[in-house]
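# Descriptive structure summary
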Amino acid sequence: MKRFMTPENKKWWTLGAVSVGLFVIMLDNTVVNVALPSMQRSLNLTLSELEWVVAGYALTFAAFMLTGGKLADLLGRRLIFMVGLAVFTGASLACGLAPNGGFLIGARVVQGLGGALMNPATLSIIAATFPPKQRGTAIGIWAGVSAMALAIGPLVGGLLTQHVNWNWIFFINVPIGVVALLLIPVLIDESRDTSADQRPDLPGLATSAIGLFAVTYGFIEANSYGWTSGRIVGAFAVGVGALVTFALLELRQRAPMLDLSLFRNRTFSGANIAMLFVGLAMFGTFFYVSLYMQKVLLYSPVQAGASFLPMTVLIILIAPQAGRLADRFGSRWLVGAGMSMLAIMLLYYSTLGAGATFFGLLPGLLIGGAGMALTMTPTTAAAMSAVAVDKAGVGSAVLNSMRQVGGSLGIAVMGAIVASGVHSSLRAGDDQRIAFLHGFHDSLRVGSALALVGAVVATAAIRKQEHQHAAPKAVRAAEAA
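Residues numbered from 1 in each chain as written. Predicted model: local features only at pLDDT ≥ 70, side-chain atom pairs only at ≥ 80, totals over all residues. Heavy atoms only, no water.

### Points about the overall build of the chain
Here is the rule: Only DSSP runs of H or I reaching four residues or more are called helices, and only runs of E reaching two or more are called strands; each is numbered from the N terminus. Three exposure classes are used, based on accessible area relative to the maximum for each residue type with a 1.4 Å probe and protein chains only: buried under 20%, partly exposed in between, and exposed over 50%. Pairs of residues are marked as contacts when any of their non-hydrogen atoms sit within 4.5 Å.
Broken down by element type, the chain carries 18 helices and zero strands. The proportion of buried residues among the 481 residues of the chain is 59%. The contacts of the chain with a sequence gap of at least 6 include a subset with a gap of at least 24, amounting to 83%.

### Regarding the nonpolar core
Stated formally: Only buried residues count toward a nonpolar core. Its members are Ala, Val, Leu, Ile, Met, Phe, Trp, Tyr and Cys residues joined through side-chain atoms within 4.5 Å.
Met39, Leu104, Met282, Tyr292, Leu361 and Phe436 are the most contacted members of the largest nonpolar core, which totals 133 residues. Top contributing element to this core by residue count: helix H11 (residues 266-296), with 18 residues. If sequence neighbours within four positions are ignored, Leu361 has contacts with Tyr292, Met293, Leu297, Tyr299, Tyr349 and Leu352. Ala326, Leu334, Leu374 and Ala381 belong to the second-largest nonpolar core, a separate cluster that totals five residues.

### Regarding a nonpolar patch on the surface
Quick reminder of the rule: Two distance rules govern patches: like charges are joined within 9 Å, and nonpolar side chains (Val, Leu, Ile, Met, Phe, Trp, Tyr) within 5 Å, applied only to residues with over 30% relative accessible area and no salt bridge. Here the open area of atoms and residues is found with the Shrake-Rupley method and a 1.4 Å probe, where only the protein chains shown may cover a residue. By salt bridge we mean one thing: a side-chain nitrogen of Lys or Arg within 4 Å of a carboxyl oxygen of Asp or Glu.
A contiguous nonpolar patch, built from Val178, Val179, Leu182 and Leu183 and spanning about 370 Å² of accessible area, is present on the exposed surface. Examined against the element boundaries, Leu182 turns out to sit in helix H8 (residues 173-187).

### Overview of helix H10 (residues 230-252)
Defined as follows: To estimate the expected span of a helix, subtract one from its residue number and multiply by 1.5 Å.
An ideal rise of 1.5 Å per residue puts 33 Å on 23 residues; H10 measures up with 33 Å between its terminal C-alpha atoms. Taken residue by residue, H10 has Ile232, Ala235, Gly239, Ala242, Phe246 and Glu250 as its buried positions.

### Quick notes on the packing of aromatic side chains
Selection rule: When two rings of Phe, Tyr or Trp (its six-membered ring) have centres within 6.5 Å they constitute a pair, described as stacked for plane angles under 30 degrees, edge-to-face for angles over 60, and tilted for the intermediate range. Two limits define a charge over a ring: the Lys NZ or Arg CZ must be within 6 Å of the ring centre, and within 35 degrees of the ring normal.
Taken as a whole and judged by the stated rule, the model has 12 aromatic pairs. Here the aromatic rings of Phe358 and Phe359 are separated by 5.7 Å at their centres, their planes lie at 70°, and the arrangement is edge-to-face. The exposure class assigned to Phe358 is partly exposed, which follows from its relative accessible area of 29%. One aromatic cluster in this structure is built from Tyr288, Tyr292, Phe436 and Phe440. Lying across the ring of Tyr225, Arg231 places its NZ or CZ 4.2 Å from the centre.

### Focus on helix H15 (residues 358-385)
Helix length check: H15, at 28 residues, gives a terminal C-alpha distance of 40 Å against a target of 40 Å (1.5 Å per residue), a fit within 8%. The buried fraction of H15 amounts to 22 of the 28 residues, a majority that puts the element mostly inside the structure.

### Thoughts on the environment of Ala91
Turning to its location among the elements, Ala91 is positioned in helix H4 (residues 77-96). Residues in contact with Ala91, not counting those within four places in the same chain, are Ala107, Val110 and Gln111.

### Details of the packing of H11 against helix H14 (residues 332-349)
Using the following cut-off: Note on geometry: axes are C-alpha line fits, over the in-contact stretch for helices, and angles between N-to-C directions span 0 to 180 degrees. When describing relative orientation, an angle under 35 degrees is termed roughly parallel and one over 145 degrees roughly antiparallel, while 65 to 115 degrees is termed roughly perpendicular and anything else oblique. Two helices cross in a left-handed way if the nearer one is turned anticlockwise from the farther one by less than a right angle. They cross in a right-handed way if the turn is clockwise. Note on residue categories: nonpolar means Ala, Val, Leu, Ile, Met, Phe, Trp, Tyr, Cys or Pro, charged means Asp, Glu, Lys or Arg, and polar means any other residue, Gly included.
Running from N to C, H11 and H14 point in directions that differ by 25°, and their axes come no closer than 11 Å. With respect to each other, H11 and H14 are oriented roughly parallel. Crossing of H11 against H14: the hand is left-handed. The residues of H14 that touch H11, namely those facing Ala274, Phe277, Val278, Ala281, Met282 and Thr285, are Val335, Met339, Leu342, Met345 and Leu346. Residues belonging to the contact of H11 with H14 are distributed by class as follows: 10 nonpolar, one polar and no charged.

### Points about the environment of Thr375
For clarity, the cut-off: We define a polar contact as two N or O atoms separated by no more than 3.5 Å, with the added condition that, inside protein, one atom must be a possible hydrogen donor and the other a possible acceptor, whereas residues neighbouring each other in sequence contribute only through side-chain atom pairs.
Looking at the secondary structure, you find Thr375 in helix H15. Residues Thr375 and Ala274, 101 residues apart in the sequence, show an inter-C-alpha distance of 8.6 Å. With sequence-adjacent residues up to four places away left out, Thr375 is seen in contact with Val278, Val335, Gly338, Met339 and Leu342. Engagement of the side chain of Thr375 in a polar contact is seen with the backbone nitrogen of Met339, the distance being 3.2 Å.

### Observations regarding the pattern of salt bridges
Overall, the coordinates contain one salt bridge when judged by the stated rule. Arg445 is the partner of Asp442 in a salt bridge, and the nearest nitrogen-oxygen pair spans 3.1 Å. Pair noted here: Asp442 and Arg445 are both in helix H17 (residues 432-461), with a separation of three residues, about one helical turn. Look at Asp442 and you get partly exposed, because its relative accessible area is 33%.

### A few points about unusual backbone geometry
Located in the positive-phi region is Asn44, a residue other than glycine, with phi close to 55°. You can see Asn44 is positioned in the loop between helix H2 (36-43) and helix H3 (47-75). Relative accessible area serves as the criterion here: at 66%, Asn44 is assigned to the exposed category. At Leu298, a position not held by glycine, the phi torsion is positive, near 60°. By the element assignment, Leu298 lies in the loop between H11 and helix H12 (301-306). Given the relative accessible area of 57%, Leu298 is considered exposed.

### Things to note about the confidence of the model for the chain
Heads up, the condition is: You can read pLDDT as the predictor saying how much it trusts each residue, on a scale of 0 to 100.
Mean pLDDT over the chain works out to 80, with 89% of the residues at or above the 70 mark. Per-element mean pLDDT across the chain ranges from 32 in helix H18 (residues 473-480) up to 92 in H4. Considering only residues more than four positions removed or in separate chains, one finds that residues 467-481, a stretch of pLDDT under 50, has 25 contacts.

### Things to note about the side chain of Thr459
With respect to the helices and strands, the residue Thr459 is situated in helix H17. On the basis of relative accessibility, which here comes to 18%, the residue Thr459 falls in the buried class. Among the polar contacts made by the side chain of Thr459, one reaches the main-chain carbonyl oxygen of Ala455 at a distance of 3.1 Å. Separated by 3.0 Å, the side chain of Thr459 and the backbone oxygen of Val456 make a polar contact. The contacts of Thr459, once residues within four sequence positions are left out, are Arg332, Trp333 and Gly336.

### Details of the packing of H3 against H4
Taken N-terminus to C-terminus, the directions of H3 and H4 make an angle of 150°; their axes are 8 Å apart at the nearest point. When the axis of H3 is compared with that of H4, the two are roughly antiparallel. The hand of the H3/H4 crossing is right-handed. Along the contact surface, H3 presents Tyr57, Gly68, Leu71, Ala72, Asp73 and Leu75, while H4 presents Arg77, Leu79, Ile80 and Phe88. Residue composition of the contact of H3 with H4, by class: seven nonpolar, one polar and two charged.

Listed below in structure tokens is the structure:
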């Protein structure tokens with residue numbers, strides 16, 4: 001056992017342990033997509049309730065991510081990772097046992113809370129464990145696992161939904177969570193931010209959560225109540241007001257949840273804006289492409305999930321190499337190229353009709369897989385190279401919050417566009433399949449434009465950063481030995 005747990009080997013065991021936790025929480029961003037039609041039939045869900053099943057998880061994930069990063073730096077990264085994993089595992093069990101839509105949405109919200117505690121701790125543990133010269137490779141593996149989980153989710157969801165039951169997309173998290181909780185104390189060393197004046201920012205948490213929820217609610221429910229209704233206008237007003245209040249609070253707080261001084265670094269700002277646009281463009285796409293495959297192309301859950309395999313394989317192959325290239329040449333042009341490829345994929349899908357075959361879908365999947373790998377890993381490497389190791393928890397939380405905020409808003413915005421197109425098409429006399437297709441195409445064109453904006457921002461803002469922060473003392477000692 002000692003031979004396997006030498007200081008040099010242990011950091012890779014640590015990476016493996018946090019990658020398992022990361023894989024599970026990222027899988028739950030997309031594993032539900034293929035199961036949505038089955039959930040809808042089983043629990044009699046409306047389209048807006050289906051959106052909340054996905055957006056509720058992403059929204060809570062985003063709202064509590066910064067607090068999760070702050071708590072990880074303050075109380076201990078391993079401790080918060082374990083607390084988050086316990087919450088996530090229990091909520092997964094509740095999701096699988098859900099008797100109705102309201103219970104399922106509530107359990108997904110709690111599941112998102114567990115993920116928000118876990119996710120920033122994973123990246124900050126890596127930053128505290130690996131020396132600068134290996135950090136890019138480790139982050140590349142981390143980002144590759146994250147992207148792979150997002151991509152493989154539809155296949156896992158399809159297999160379980162068709163051959164077992166949709167409940168099992170949640171039940172499989174339970175044994176993994178239990179085993180991980182037993183192994184983490186052995187494989188991961190505790191680390192924390194030892195600087196003074198660290199405390200949770202409760203006013204910042206409250207205002208950011210209220211703001212994000214209100215804006216997302218407005219987009220998802222606008223087509224049900226009307227864009228000019230008092231409920232929707234009020235939701236947007238509350239959301240904008242809360243987010244403005246959050247920004248003002250963070251400027252004045254002595255220990256803010258979101259350290260706005262981090263954004264003085266141009267590379268950090270550019271990477272986070274790029275990640276926001278990734279979420280805006282891609283989360284809604286995964287949601288509605290899965291519905292398109294099953295509702296329009298009449299794919300089975302397994303067929304729909306398996307269709308994403310080419311994208312998954314490319315992400316697995318390219319993401320680690322993208323991390324190494326980012327270390328050597330910088331992230332700027334890799335991110336720009338990756339997001340441009342995502343824009344091309346979305347625009348290509350907007351040309352596909354009701355008679356598309358798998359070979360019609362394949363070019364978009366290949367372009368999108370390469371684009372995701374070239375985007376996720378270098379963006380993460382760029383952001384983390386711009387923050388000090390002792391602020392890695394908050395830095396990673398900001399980055400992941402941007403993706404999740406973009407994701408929850410992306411589902412809401414794309415949903416509003418799809419619903420608007422469907423209503424217009426139905427009034428013109430089209431059937432349900434064609435009406436959905438019209439709204440789907442409109443949303444893809446908007447998503448393509450958003451991805452292109454992200455590409456422009458990335459190439460304009462991101463610059464190559466040198467890792468100037470000292471390695472952790474334990475790592476330096478191991479290297480010397």
